[in-house]
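# Structural description and commentary
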Amino acid sequence: MSLKLSLDVGMDSEAAGQALAKWAADIGFHVKALSSPERFGLRSRYNYTVTMAGTAEMRRIILIAAFNGSPNHRDPDGKARFANQINMDYNVCKIAFDQDGSLYLEFVLYFEAELTPSLWSTFVTKADEGIAWLNQKHKAEFDDLIA
Amino acid sequence: MNLDLIGIDDNEAATRSLREWCQQLGYRTKDADGDVSFVVVGARRWIIGIKADRNSNHRLVATCIFGTTPGYMSKEEWHKFCNDINARLNIGKFCLNNADMFEIQFSLYFLETLNPRLFRNFLAQIDDSMAHILKEYRVVLEAALE
């Protein structure tokens, strides 16, 4: 039996996302169903929300780690400036703050009809390592910005 | 004809191999400013490079840069604008760079090999994403971009 995730052309993003959740659980990842069927939770070094997007020819897995914003930090200009600095300086991921001040770190994996366990595992590991690295590199800012 | 980067864990060597491979696939390329990155000349001009690591993991990074109209938005307004797009859309990464240029960046993760279809589909999809963004934010971007 192949360990690859194979997605049918006819699957929409929601069905593909559900297939990904089941497959990830089958190969040993900690997966959690969420109230919204088009996404699921993934527990690794950090907690992620996973969504599938794109087309049958080119699927896109979006992995997002979210952190509540600190109530002590109310400077939206400073947050936007910091986000821009990180997004400009590093190729690690995309970071953004929402209107409530929560911080989002986003990683995207493109693939076609099949996904191998090694690429998926590498992707999740790189996300874990990327967040840890950014947090270490900008510890003072993250401590200030995150609850 | 896959791009084979088995054993290549050096950014410059991997990017050089990618450029040769792109040319073999029929893409027109030209030098980019500054480093080994190169430009794929197509509907958009994507500046492309590879980040390689010691475990044979590779990330192709494609960046498109636009000049901005001086004075149209302050730096603070640009930062907020970029943060707003980054928060709203799950496509690409947007920022104002040190030269006050508007940058859009996409990443493609792969392991040791990259197949031509995935690369072509990736370029097509980021072209589409770019068109979507420019349409979605047409009012701002037409005025703000040179």
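Small disclaimer: the values here were computed from a predicted structure and weren't measured. (Residues numbered from 1 in each chain as written. Chains lettered and ligands numbered in written order. Predicted model: local features only at pLDDT ≥ 70, side-chain atom pairs only at ≥ 80, totals over all residues.)

### Here we look at the confidence of the model for chain B
Residues and elements named next belong to chain B. Here is the rule we go by: Across the chain, each position has a pLDDT score giving the predictor's confidence in that residue, from 0 to 100. Note on conventions: DSSP H or I runs of at least 4 residues are helices, E runs of at least 2 residues are strands, and numbering of each starts at the N terminus.
Of the residues in chain B, 100% reach a pLDDT of 70 or more, and the chain-wide mean stands at 91. Looking over chain B, one finds the lowest element-wise mean pLDDT in helix 4 (residues 138–144), namely 80, and the highest in strand 6 (residues 93–96), namely 96. Per the prediction output, this complex has pTM 0.94; the corresponding ipTM is 0.92.

### Some remarks on the pairing of strand 7 (residues 103–111) of chain A
All names here are of chain A. Condition: Buried residues are those with 20 or more other C-beta atoms within 10 Å of their own C-beta, exposed residues have 12 or fewer, and partly exposed residues lie in between; C-beta atoms are placed from the backbone. A pair of strands is labelled paired if DSSP reports no fewer than 2 bridges between them.
Among the 9 residues that make up strand 7, 8 are buried, leaving the element largely enclosed by the rest of the structure. Taken together, the 4 bridges between strand 6 (residues 94–97) and strand 7 define a ladder with antiparallel strand orientation. Its bridge partner lying in strand 7, lysine 94 is registered against glutamate 106. The turn linking strand 6 back onto strand 7 is made up of 5 residues, and glycine 101 within it adopts a positive phi angle of 90°.

### A few points about the interface of chain B and chain A
The cut-off we apply is this: In this description, a residue-residue contact is defined by the distance between C-beta atoms placed from the backbone, which must lie within 7 Å. Throughout, the ten residues Ala, Val, Leu, Ile, Met, Phe, Trp, Tyr, Cys and Pro are labelled nonpolar, Asp, Glu, Lys and Arg are labelled charged, and all others, Gly among them, are labelled polar.
In this assembly, 25 residues from chain B lie in contact with 27 residues from chain A. Secondary-structure elements contributing two or more residues to the side of chain B that touches chain A are helix 2 (75–88), strand 6, strand 7 (102–110) and helix 3 (116–136) of chain B. Per-element accounting of the side of chain B that touches chain A gives the leading share, 7 residues, to helix 2 of chain B. Its residues placed into classes, the side of chain B that touches chain A shows 10 nonpolar, 10 polar and 5 charged.

### Let's talk about the sheet that holds strand 3 (residues 39–43) of chain A
To be explicit about the condition: Axis definition: a line fitted to C-alpha atoms, limited for helices to the stretch in contact. Angles are taken between N-to-C directions and run from 0 to 180 degrees.
On the basis of which strands lie adjacent, the open sheet formed by 6 strands has the order 2-3-4-5-7-6 (chain A) and antiparallel pairing. Looking at strand neighbours, the two that pair on one side only are strand 2 (30–33) and strand 6 of chain A, the edges of this open sheet. Taking the axes of each pair of neighbouring strands and ignoring which way they run, one obtains an average angle of 30° across the sheet. Most of the contacts of helix 3 (residues 117–137) of chain A go to strand 7 of chain A, to which it runs at about 155°, and overall it touches strand 5 (59–67) and strand 7 of chain A. Strands in contact with helix 2 of chain B are strand 6 and strand 7 of chain A; relative to strand 6 of chain A, the strand with the most contacts, it is inclined by about 105°.

### Some thoughts on helix 1 (residues 13–26) of chain A
Residues and elements named next belong to chain A. Stated formally: Expected helix span is given by 1.5 Å per residue-to-residue step, counting one fewer step than there are residues. Picture the helix axis, draw a direction to every C-beta atom, and the arc is the one those directions span.
Its 14 residues give helix 1 an end-to-end C-alpha distance of 20 Å, which sits within 8% of 20 Å, the value for a rise of 1.5 Å per residue. Those residues of helix 1 not exposed but buried are Ala16, Gly17, Leu20, Ala21 and Ala24. The buried residues of helix 1 occupy an angular sector of 145° when the element is viewed end-on, so they sit on one face. In this structure, helix 1 carries Lys22 and Asp26 as exposed residues pointing more than 90 degrees from its buried face.

### With respect to the packing of helix 2 (residues 76–89) of chain A against helix 2 of chain B
Put simply, the test is: Angles below 35 degrees are treated as roughly parallel, those above 145 as roughly antiparallel, those between 65 and 115 as roughly perpendicular, and all remaining angles as oblique.
Put simply, helix 2 of chain A and helix 2 of chain B touch, their axes get as near as 8 Å, and they point 75° apart. When the axes of helix 2 of chain A and helix 2 of chain B are compared, the pair comes out roughly perpendicular. On the side of helix 2 of chain A, the interface is formed by Asp77, Ala80, Arg81, Ala83, Asn84 and Asn87 of chain A, while helix 2 of chain B contributes Glu76, His79, Lys80, Cys82, Asn83 and Asn86 of chain B. Taken together, the residues that form the contact of helix 2 of chain A with helix 2 of chain B break down as 3 nonpolar, 5 polar and 4 charged.

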